[in-house]
Structures are given as C-alpha cells and as structure tokens.
Amino acid sequence: MAVNTTPSTARSFWPYFVVTGSLSMGYGSLFTLLAEFRDKLGFSETELGFIIAVGFLAGFIAQVGLARFADRGYVGILVHGGVLIAILSMLSMAMTDEVWQFTAARFFLGAGTGATGPAIRRILITREPANMGKNLGTMGAFDISGFVLGPVVAGLLAEFVNLRAPFIFMAGLYALIYFWIFRLDLSAGQVAATKVPVRHLFRIRSLNSGMLAGAAFFTTIGVFETSWAVLLDDLGASTLVIALSIALFAIPMIPLAPLGGKIAQQRGPMRLMPFSIMGAVACMMVYGYVDFLWVLIGVSAAHAIFDAFTLPAGQLAVAVSAPPEQAAAAQGLYGALGLVIAGIAALVTGWVYENWGAEALYTGSSIVMVVALVGAIALGEELMGPDGRSAKEPAPASS
C-alpha cells in the first residue's frame, strides 16, 4: 500500500478529532432531553426507547454497509455527506413534535455519525501508521468527551432557553464543521484495486481476536450505562451525584486513551488487553457485591482507567489485522459490533437487574467478558508484539 510519507504529528489530526467529537456531542445530547420529551411533548417511555434504539440501529447499518466505500476512495463523500445529514437531522428535531419525525431524524443522525467515523479512522491509519495507536486513542478521547459534553450542553440550553435550543445549537455547530471540512485533506492512502467482500475479514484469526476483545469491552459498556444510574439511585444517590459519577467515569479516559493506544502499539494489543479487561471484570464484580456508594464511585474511576487502555487497543488490533485496502471496513465492523453487543447487553441488563438483582447481573456479565477474553487470547498470537503484531504477518483476507 502506498502511504503518505509526509512528516506529520498528532497535532495535524486535531481537525479530524474535532469533527468526530462534535458528532458525538449531537449523538449523546438526546439522552438528557428524554424526560422533557415525555413531559412537554407527551412521548411515552416506549416511544422514547424506540427513538433511541433506532439511532443505534442506523449506526450499525451505516458502519457495516457504508464503511467499505471509504476503502474505495469515497472518504470525502462519506465525511461531507455524514455531517450534512447530521445538520438536516438536527434541524428536523428542532421543528417537529411528532414521534415518527423524531424517529426518522434520529435514524439519519445515527447513519451520518456511523458513516463518518470509520472514514476518518482510515485517514489516521493510512496516513501515519507508525502512530496509529496513539491517534486512534486520541480520536476515542474526543469521542468520549463529545458524548459526555453533549448532554451537559443540551441540558443547559433546554433549561435556560427552550427545548428547541439544543437542536438549533447543534445544527449551527455542524454547519461550521461542514464548511471547515472543505479545508481538510481527506485523502486516505491507496484505493482498493478489487472489491473484497467484508465477510472475508472474518477469516483472519487476529482480527477475530480483536473483535472478541471488543465484545468483552462493549459488554461492560452496555451493562454499565444501563444499570449504573439505577444502582446508585437504589443506594440513595441524588441525581447530581449520579451525573457527577458519570462525568468522573469519563474524565480519566480523555487523557489516558491516547497513552493506551501508544502502549498497545509498542507492546502489542494482546499483551495489554488481558490486563485491562480483567481489571474491568474485577470492577464489575465489586458493583454487584458492595453497597457503599462512594466506594462504588471510586471503583468506577478505576474502571474508567482500565477502559481507557482497552478502547484504543481493540481498535488497533483490528486495524493492524485487516488488509490495508479494507482498513475502514474493518473499523466499521468493530464499531458495528460495539453497537450490537452494547444494545443486547442493555436489553438484558434491565430484565436481569429487576428479577435477580445486582449480584446476578454483574456476575453474569463478568463471566461473559472472561469467556470473550479467553477466545481473544486463543486467537491473538499475532497481536503480541510491537507495532501491534508479531513478526508473523496476519493472513490476507483473500487467503
């Protein structure tokens, strides 16, 4: 693969990180407004759940179906189109009171975000392969920051202006981002000469290792996000304390994710992820058996540190395992896997917590994580060395 050899630093990628972080702001901003939709627009809880679920479904479809086109030379179209669709989606939400219109807007917002992420990750992977771990980690940090900041901004605007203000603000921000994109270089390495089906990626052992490690990571994300507020509420925490605990979980990941990606590339993803995932498993077990509020919040901060290393290491494992001509398709598969696993975990979490309690929920999810990790280790021999892999190159997707 021909790679752009022009010297660059992580600073040169900051505009791309800002694009993905801004899209994450809009993607997460809706969560803090759900109660307002119920109280002021009359949406039922079932309708609200459907609106949120549709966004995840759209992201899954986009990452599986559209990411491959970034490998075929359409990075610019995906990035421009994704941001433009996000603008239209936000404007639609600002003008409608109907459930079906909100649902449609949420679907296209998810699709736009899902199309843009893998395309930008391909730019990071192909343009500066020597630092792809650190760059992927930094992009992850911006995604997390945007996802955490979005609900805060939306809540403040809804509280002090009105319910439409968050969507108008995000549409304006996306419009600025859209015109800024015209100044960015969206080239991303050599275009794939042949169209290799995405399913062929599953023939690569080391890529399957990265996907299984990702399954363990996204299991803890899905369970944590769905159960954490309920768990703390049952222990008497106020809404403010719950909100602060969620921010505390995200803050360590912002500076540590780039470091985690750098270490994963230096030592190998599968030398790092067994420790970080098992650290997360230990934290999950504590959630199920300890009922002291501030102890749990402290453990969640440690959990965030472990996840800050797992997140970029998983993306790196998939990046170095996939053929260069399928870099974006592989990242799309990894992102789609995350949406599916987190979605399934979220669906199961409420039912298990309601019927069997926290002990069964966190013990069961810990077992799932350990099983996925064992499979990842069994398939991950090629991901044990520097630069993300051992001296033995992974087999090409067409083999």
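Because the structure is a prediction, the values reported are computed rather than measured.

Engineer: Provide a residue-level description of the overall build of the protein, including the pertinent values.
Structural biologist: Within the protein, the secondary structure is distributed over 14 helices and 0 strands. Counting from the amino terminus, the protein carries its helices and strands in the arrangement α-α-α-α-α-α-α-α-α-α-α-α-α-α. The 399 residues of the protein split such that 54% are buried. In the protein, the proportion of contacts linking residues at least 24 apart, taken out of those at least 6 apart, comes to 85%.

Engineer: Break down helix α14 (residues 327-379) for me, with residues and values.
Structural biologist: Taking 1.5 Å of rise per residue, 53 residues should cover 78 Å, yet α14 covers just 20 Å from first to last C-alpha, more than 12% shy of that figure. Of all the bends in α14, the greatest, near 130 degrees, is centred on glycine 357.

Engineer: How would you explain the packing of aromatic side chains if you had to name every residue and give the values?
Structural biologist: Scanning the model with the defined rule gives 17 aromatic pairs in all. Residues phenylalanine 13 and phenylalanine 17 carry aromatic rings whose centres are separated by 6.5 Å and whose planes lie at 45 degrees to one another, so their mutual orientation is tilted. A ring pair is formed by phenylalanine 43 and phenylalanine 102, whose centres lie 5.5 Å apart and whose planes are at 80 degrees; its orientation type is edge-to-face. Taken as a pair, phenylalanine 43 in the loop between α2 (34-41) and α3 (45-65) and phenylalanine 102 in helix α6 (residues 99-127) lie far apart in primary sequence, 59 residues in all. Side by side, phenylalanine 43 and phenylalanine 102 carry an identical accessibility label, which is buried. Within the aromatic cluster, the residues linked to one another by ring pairs are Phe13, Trp14, Tyr16, Phe17 and Phe142. The ring of phenylalanine 69 has arginine 72 lying over it, and the distance from NZ or CZ to the ring centre is 5.3 Å.

Engineer: Provide a residue-level description of the pattern of salt bridges, including the pertinent values.
Structural biologist: Per the stated rule, a full pass over the model turns up 3 salt bridges. A salt bridge links aspartate 97 to arginine 164; its shortest N-O distance comes to 2.1 Å. Separated by 67 residues along the polypeptide, aspartate 97 in the loop between α5 (75-95) and α6 and arginine 164 in the loop between α7 (132-160) and α8 (165-181) bring together distant segments of the chain. Classification of arginine 164 by relative accessible area gives partly exposed; the value is 21%.

Engineer: Tell me about α5, and please be specific about residues and values.
Structural biologist: With 21 residues, α5 extends 31 Å between its outermost C-alpha atoms, agreeing within 8% with the 30 Å of an ideal straight helix rising 1.5 Å per residue. Within α5, burial applies to Val75, Leu78, Val79, His80, Gly82, Val83, Ala86, Ile87, Ser89, Met90, Met93 and Ala94. Where the residues of α5 are buried, they touch α1 (14-29), α4 (68-71), α6 and α8.

Engineer: Tell me about the confidence of the model for the protein, and name the residues and values.
Structural biologist: For residues with low pLDDT, the predicted coordinates do not support detailed interpretation. In the predicted model, the protein carries a mean pLDDT of 83, and the fraction of residues at 70 or more is 89%. Taking the mean pLDDT of every element in the protein, the minimum, 74, falls on helix α10 (residues 239-250) and the maximum, 94, on α8. Per-residue pLDDT stays below 50 along residues 1-9; that stretch engages in 13 contacts with residues further than four places along the chain or on separate chains. Long-range and interchain partners of residues 391-399, a stretch whose pLDDT sits below 50, account for 17 contacts in this model, where long-range means more than four residues apart.

Engineer: Help me get a handle on the nonpolar core, residues and values and all.
Structural biologist: Ranked by internal contacts, the top residues of the largest apolar core, which has 112 residues, are Phe37, Phe167, Tyr174 and Tyr287. At 17 residues, α14 tops the list of elements feeding residues into this core.

Engineer: Give a detailed account of the side chain of serine 300, specifying residues and quantitative values.
Structural biologist: Along the chain, serine 300 turns up in helix α13 (residues 293-321). Serine 300 gets classed as buried once you look at its relative accessible area, which sits at 0%.

Engineer: Kindly report on the packing of helix α9 (residues 205-234) against helix α12 (residues 269-289), identifying the contributing residues and their values.
Structural biologist: Two numbers describe how α9 lies on α12: the axes approach to 11 Å, and their chain directions differ by 25 degrees. In terms of their interaxial angle, α9 and α12 are classed as roughly parallel. For the element pair α9 and α12, the recorded crossing hand is left-handed. Across the interface between the two elements, Ser209, Ala213, Ala216, Thr220, Val223, Phe224, Trp228 and Leu231 of α9 pack against Met270, Met273, Ile277, Met284 and Tyr287 of α12. Taken together, the residues of the contact of α9 with α12 sort by class into 11 nonpolar, 2 polar and no charged.

Engineer: Tell me about the packing of α6 against α14, and name the residues and values.
Structural biologist: Relative orientation of the contacting elements α6 and α14 amounts to 130 degrees, with a least axis distance of 8 Å. One way to sum up the angle between α6 and α14 is to call them oblique. Like other packed secondary-structure pairs, α6 and α14 cross with a definite hand, here right-handed. Residues Pro118, Arg121, Arg122 and Ile125 of α6 form the contact with α14, whose participating residues are Ala327, Ala328, Gln331 and Gly332. Partitioned by chemical class, the residues of the contact of α6 with α14 number 4 nonpolar, 2 polar and 2 charged.

Engineer: So what about a nonpolar patch on the surface? Which residues, and what values?
Structural biologist: Together, Leu57, Phe60, Ile61, Val340, Ile344, Leu347, Val348, Trp351 and Trp356 make up an exposed nonpolar region whose accessible area comes to about 910 Å². Of all elements in the fold, only α3 and α14 reach the threshold of two or more residues within the nonpolar patch. By the element assignment, tryptophan 356 lies in helix α14. Note on tryptophan 356: relative accessible area 54%, which makes it exposed.

Engineer: Which residues make up the environment of isoleucine 144, and what values do they have?
Structural biologist: Looking at the element boundaries, isoleucine 144 is found in helix α7. Classification of isoleucine 144 as buried rests on a relative accessible area of 14%. Residues isoleucine 144 and methionine 25, spaced 119 residues apart in sequence, show a C-alpha to C-alpha distance of 8.9 Å. What isoleucine 144 contacts, discounting residues up to four positions off in sequence, is Ala250, Met253 and Leu311.

Basis of the calculations
Residues numbered from 1 in each chain as written. Predicted model: local features only at pLDDT ≥ 70, side-chain atom pairs only at ≥ 80, totals over all residues. Heavy atoms only, no water. Helix = DSSP H or I, 4+ residues; strand = E, 2+ residues; numbered from the N terminus. Buried < 20%, exposed > 50% of the residue type's maximum accessible area, 1.4 Å probe, protein only. Contact = heavy atoms within 4.5 Å. Expected span 1.5 Å × (residues − 1). Bend = angle between axes of the 7 residues up to and from the residue. Phe/Tyr/Trp six-rings, centres within 6.5 Å; stacked < 30°, edge-to-face > 60°. Lys NZ or Arg CZ within 6 Å of the ring centre and 35° of its normal. Salt bridge = Lys/Arg side-chain N within 4 Å of Asp/Glu carboxyl O. pLDDT = per-residue confidence, 0-100. Core = buried A, V, L, I, M, F, W, Y, C linked by side-chain atoms within 4.5 Å. Axes fitted to C-alpha atoms, helices over the stretch in contact; angles between N-to-C directions. Parallel < 35°, antiparallel > 145°, perpendicular 65-115°, else oblique. Left-handed = near helix turned anticlockwise from the far one by under 90°. Nonpolar A, V, L, I, M, F, W, Y, C, P; charged D, E, K, R; others polar. Patch = residues over 30% accessible without salt bridge, like charges linked within 9 Å, V, L, I, M, F, W, Y side chains within 5 Å. Areas by Shrake-Rupley, 256 points an atom, 1.4 Å probe, with all protein chains shown as cover.

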